[in-house]
Amino acid sequence: MTATPKGFRLHLGIFGKRNVGKSTLLNLVAGQDVSIVSATPGTTTDTVEKAMEFIPMGPVVWLDTAGLDDEGAVGDLRAAAARKTLERIDVAIIMFVGSWSAFEEALRADFAARGVPVVVVANKLDQVPLDRASLPPGVEPVPMIASRGEGVEAFRQAVLAAAPAEYVESPVILRDLVPPGSCVVLVTPIDKEAPKGRLILPQVQALRDALDGDCRAVVCKENGLRDTLADLRTPPTLVVTDSQAFKDVAAIVPPEIPLTGFSVLYARAKGDLGLFAQGAAAIDRLRDGDQVLVAESCTHHREDDDIGRVKLPALVRKKSAADVTFDFASGHDFPADLDRYRLILHCGACMTNRRAVLSRQARARAAGVPMTNYGMAIAHCLGLLDRSLRPFGLLNG
């Protein structure tokens, strides 16, 4: 792969009132005209996303939002759409001109409640002087004239200082579970959902992570696993399988060899693994008439035996012995009214970032709704969840 997937990029959002220079700032750091710039307030209507290399941060995704103070019926819709991006933000940039108001302070408090670091930018200093008396204690803005490119280096350093450590360093998938020099076996079935000519993203990233950890990685399909294990001089330190082959792989891999799934690895890399494990157990508590939400973080071509829409619902119905109904959400759509659900099944989130998954877990927990991911739900339905969690030291089943 020549580009870092969006899901593992730091997500930086630019927020503020209309016409404070948000789009100008994005164009400045991107080095190209990504957003339309105009003196007319409200020019940016939809959130603009730009994946790029942001020196010295590395790969990031910038999100330029519509002004959150937009007015009128359409303006309210724009502002509401912009607010949806709050859940995906790893570092928030709050831009203002002149005086700090209750509007910016409420926005800062919102991000603080979410645990999101904030970089404050005072823009257009050539037009409006900074009113320092309006600043709350502890807020020291980066002075900028974005239209001239002034202050951009100080802005870069402020973003770097605010970024969570896990995004400055390489994200870990599995290499902390196995010692350097050991062997990892990756079982990668090739079915109709596998992209033609390549592996799916979690498999590729797990392979790269094993190599980054100086491990020897062996890749095979499930029908070649028995021979692969027999050919190895010493047992592997870890076997990772696609969730849909869990049952067959577990029957082949001896109990003393650690076994988990790609989706379980992603549950840890993208969210709170413990919460996902608790959510999987909720499948047993489903009753007739309960509603289950299936959330996919991307849109994709769906086959007749789609994992999220066909296979997983069938497994859940069989395991719970309940006549439950399923709702489906794709991409950034995630219902506001979670109370009506008794369980949320989330995909592996390979196409979204950790902040978005953690935010969804927090919302589900606040609503009292258990949430798990596809792979962990499948493992639970097959009676293999304890074994898949054993490499992480969570359960001893």
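Scroll up to find the structure this text is about.
**Student:** Could you clarify how one ought to interpret the overall build of the protein in this entry?
**Tutor:** When you go through the protein residue by residue, the secondary structure sums to 14 helices and 14 strands. Counting contacts in the protein only where the partners sit at least 6 residues apart, residues at least 24 apart contribute 73% of the total. Working note: accessible area of the protein is about 17700 Å², and carbon and sulfur atoms make up 52% of it.

**Student:** Can you help me understand the packing of aromatic side chains in this one?
**Tutor:** When we look at a pair of aromatic rings, we describe it by the centre distance and by the angle of the planes. Enumeration over the complete set of coordinates arrives at three aromatic pairs. With centroids separated by 5.3 Å and ring planes inclined at 90°, the aromatic side chains of F96 and W100 adopt a geometry described as edge-to-face. Comparing F96 with W100, the two get one shared label, buried.

**Student:** Is there a simple way to explain the side chain of N373 in this structure?
**Tutor:** With respect to the element layout, N373 can be found in strand β14 (residues 371–373). Reaching out from N373, the side chain makes a polar contact with the backbone oxygen of S263 at a distance of 2.9 Å. Engagement of the side chain of N373 in a polar contact is seen with the backbone nitrogen of M376, the distance being 3.0 Å. Leaving out residues up to four positions away in the same chain, N373 has contacts with S263, A267, F276, H346, C347 and G348.

**Student:** Would you explain the sheet that holds strand β12 (residues 325–330) in this entry?
**Tutor:** In a beta sheet, neighbouring strands are held together by backbone hydrogen bonds and run either parallel or antiparallel to one another. One open sheet holds the four strands; their spatial order is β12-β11-β13-β14, and the pairing between them is parallel. Of all the strands in the sheet, the pair left with one neighbour each is β12 and β14. The average angle at which neighbouring strand axes cross in this sheet is 25°, direction not considered. The pairing of strand β13 (residues 343–346) with β14 spans three bridges and is parallel. Each residue of the ladder has a partner; that of L345, found in β14, is T372. Here helix α12 (residues 354–366) sits on the sheet in contact with β11 (291–296), β13 and β14, set at roughly 145° to β14. Sheet strands in contact with helix α13 (residues 374–381) are β11, β13 and β14, and its direction is about 90° off that of β14.

**Student:** I tried to follow the sheet that holds strand β10 (residues 259–261) on my own but got confused; where do I start?
**Tutor:** The parallel open sheet is built from four strands, whose spatial order is β8-β7-β9-β10. Single-partner strands in this sheet number two, and they are β8 (216–220) and β10. Between one strand and the next, the sheet's axes are offset by a mean angle of 25°, whatever the strand orientation. As paired elements, strand β7 (residues 183–187) and β8 share five bridges and run parallel to each other. Within the sheet, the bridge partner assigned to L186 lies in β8 and is V219. Running at roughly 70° to β10, helix α9 (residues 262–270) makes contact with β7, β9 (238–241) and β10 of the sheet.

**Student:** Honestly, the pattern of salt bridges in this entry has me stumped. Any pointers?
**Tutor:** Think of it this way: side chains of opposite charge can pair up when their charged atoms draw near. Overall, the coordinates contain 14 salt bridges when judged by the stated rule. Here R148 makes a salt bridge to E150, at a shortest N to O gap of 3.7 Å. Overall, E150 belongs to the partly exposed group, its relative accessible area being 37%. Close ionic contact of R309 with E296 constitutes a salt bridge, the shortest N to O distance being 3.2 Å. Taken together, the residues R309 in helix α11 (residues 307–320) and E296 in strand β11 connect sequence positions 13 residues apart. Ionic contacts of the salt-bridge type, sharing partners, join the residues D126, R148 and E150 into one network.

Calculation rules
Residues numbered from 1 in each chain as written. Predicted model: local features only at pLDDT ≥ 70, side-chain atom pairs only at ≥ 80, totals over all residues. Heavy atoms only, no water. Helix = DSSP H or I, 4+ residues; strand = E, 2+ residues; numbered from the N terminus. Contact = heavy atoms within 4.5 Å. Areas by Shrake-Rupley, 256 points an atom, 1.4 Å probe, with all protein chains shown as cover. Phe/Tyr/Trp six-rings, centres within 6.5 Å; stacked < 30°, edge-to-face > 60°. Buried < 20%, exposed > 50% of the residue type's maximum accessible area, 1.4 Å probe, protein only. Polar contact = N/O pair within 3.5 Å; in protein donor to acceptor, adjacent residues only side chain to side chain. Pairing = 2+ DSSP bridges. Axes fitted to C-alpha atoms, helices over the stretch in contact; angles between N-to-C directions. Salt bridge = Lys/Arg side-chain N within 4 Å of Asp/Glu carboxyl O.

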